[in-house]
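Analysis of the macromolecular model
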Amino acid sequence: MSQTAQDVAGQRADDPAITGSRRASASLATTFHGFWRYPSPWMLTALLAGALTARVVMGDWQSTDLLVPAIMIAVFPFAEWLIHVAILHWRPRTVAGHTVDSLLARKHREHHADPRDVPLVFIPWQVLTSIIPADTAIALIAFPRLQLGLTFLVVLALMGLCYEWTHYLIHSDYRPKSGIYKAIWRNHRLHHYKNEHYWFTVTSSGTADRVLGTHPDPESIATSRTAKNLHSLAE
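Small disclaimer: the values here were computed from a predicted structure and weren't measured.

Concerning the overall build of the protein chain
A count of helices and strands for the protein chain gives 10 helices and two strands. The secondary structure elements of the protein chain, listed N-terminal to C-terminal, are α-α-α-α-α-β-β-α-α-α-α-α. Put simply, the protein chain has 235 residues, and 44% of those count as buried. When contacts within the protein chain are restricted to residue pairs at least 6 apart in sequence, those whose partners lie at least 24 apart make up 67%.

Here it is, written out as structure tokens:
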């Protein structure tokens, strides 16, 4: 069977009614090269390089240096879900005469309006200039051992890069090939093209969504009219 016939016969994930129209295919190498044209990956890589170098120099490896990454990996899908729901999908509010509406929320609304606008896929560099120093401060003062804090920072930088790469890949012209990536790809594109009130995880296939009740059968959910206009704010 030809690849085209296979696509027509079985690629439910490519159904344009659910996950958006197909685009021209791009190789993984081309997509990876494009990833490094934006500031966020470089900023996170610099953080990773600095934290990893410091951690190796400090030494004193203990069992907790395995425990911290294990906990972070387990918590990450839920943190990702919470950030997506509470921060990225924040509805602007007026408090004491002032509108509370973060740059992250504004950029995310723009991202929903045009999911193919590549710069909007990434964490804004302006936000990272605050997040990276804050995370570094937490690593330096919030742990009983400096080495453990550096382990935390290394894993956090890796997770940030994993998030940025996965999100970029999903919105790129690279087509899913493996079953695992196809499931992750479909989960996030359902959020953009089916209904923005569900499927909030990005780097995994609905892990936190399944636990928190935001991973329904797509066929049971109506296609939202506001997936590209969050909170109907553009009307």
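Still to come is the rest of the account.
A few points about the layout of surface pockets
The rolling of a water-molecule-sized probe over the atoms marks out the regions of remaining empty space. Size it by volume and the largest pocket reaches roughly 1000 Å³. Ile83, Ile123, Leu128, Ile131 and Tyr163 are, among the 40 residues lining the largest pocket, the residues nearest its centre. Elements with a contribution of two residues or more to the lining of the largest pocket: helix H4 (39-58), helix H5 (64-88), helix H6 (103-113), helix H7 (125-141) and helix H8 (146-171). Considering every element that reaches the lining of the largest pocket, the biggest residue donor is H5, with 10 residues. Among the residues making up the lining of the largest pocket, the classes are represented as 30 nonpolar, seven polar and three charged. One number sums up the size of the second largest pocket: a volume of about 220 Å³. Of all the elements in the fold, those that place two or more residues in the lining of the second largest pocket are helix H3 (28-35) and H8. Per element, the largest residue contribution to the lining of the second largest pocket is three residues, and it comes from H3. Residues that form the lining of the second largest pocket fall into these classes: four nonpolar, five polar and four charged.

Overview of the nonpolar core
By size, the foremost hydrophobic cluster in this structure holds 17 residues, and its most contacted members are Leu47, Leu48, Val68, Met72, Phe152 and Leu153. Looking at this core, the elements that each hand over two or more residues are H4, H5, H7 and H8. Filtering out sequence-adjacent residues up to four positions away, Leu47 remains in contact with Ile132, Thr136, Leu153 and Ala157. Counting eight residues, the second largest nonpolar core, distinct from the first, contains Leu169, Ile170, Tyr174 and Trp185.

Some points on a nonpolar patch on the surface
Side chains of Met58, Leu140, Ile141 and Leu146 sit close together on the surface and give an oily, nonpolar patch of about 390 Å² of accessible area. Mapped onto the secondary structure, Ile141 falls in helix H7.

Some thoughts on H6
Within H6 the residues assigned to the buried category are Ala105, His108, Arg109, His111 and His112. Angularly, the buried residues of H6 cover 155 degrees about the axis, an arc narrow enough to put them on a single face.

Notes on the packing of H4 against H7
Contact pair H4 / H7: the axes reach a minimum separation of 10 Å and the direction vectors enclose 15 degrees. Between H4 and H7, the crossing angle belongs to the class labelled roughly parallel. The chirality of how H4 crosses H7 is right-handed. Residue-level contacts link Pro39, Ser40, Met43, Leu44 and Leu47 of H4 to Trp125, Leu128, Thr129, Ile132 and Thr136 of H7. Looking at the contact of H4 with H7 residue by residue, the class counts come to seven nonpolar, three polar and no charged.

Considerations on the packing of H5 against H6
In contact at an axis separation of 9 Å, H5 and H6 are set at 95 degrees when each is read in the N-to-C sense. As summarised for this structure, H5 and H6 are arranged roughly perpendicular, according to the angle between their axes. Seen from H5, the contacting residues are His84, Ile87 and Leu88; seen from H6, they are Leu104, Ala105 and His108. Among the residues making up the contact of H5 with H6, the classes are represented as four nonpolar, two polar and no charged.

About the thresholds
- Residues numbered from 1 in each chain as written.
- Predicted model: local features only at pLDDT ≥ 70, side-chain atom pairs only at ≥ 80, totals over all residues.
- Heavy atoms only, no water.
- Helix = DSSP H or I, 4+ residues; strand = E, 2+ residues; numbered from the N terminus.
- Buried < 20%, exposed > 50% of the residue type's maximum accessible area, 1.4 Å probe, protein only.
- Contact = heavy atoms within 4.5 Å.
- 1 Å grid on protein atoms, 1.4 Å probe; cavity = no way out; pocket = protein on both sides within 12 Å on 5 of 7 lines; lining within 4 Å.
- Points joined across faces, edges and corners; volume = space filled by probe spheres on them.
- Nonpolar A, V, L, I, M, F, W, Y, C, P; charged D, E, K, R; others polar.
- Core = buried A, V, L, I, M, F, W, Y, C linked by side-chain atoms within 4.5 Å.
- Patch = residues over 30% accessible without salt bridge, like charges linked within 9 Å, V, L, I, M, F, W, Y side chains within 5 Å.
- Areas by Shrake-Rupley, 256 points an atom, 1.4 Å probe, with all protein chains shown as cover.
- Salt bridge = Lys/Arg side-chain N within 4 Å of Asp/Glu carboxyl O.
- Arc of directions from axis to C-beta.
- Axes fitted to C-alpha atoms, helices over the stretch in contact; angles between N-to-C directions.
- Parallel < 35°, antiparallel > 145°, perpendicular 65-115°, else oblique.
- Left-handed = near helix turned anticlockwise from the far one by under 90°.

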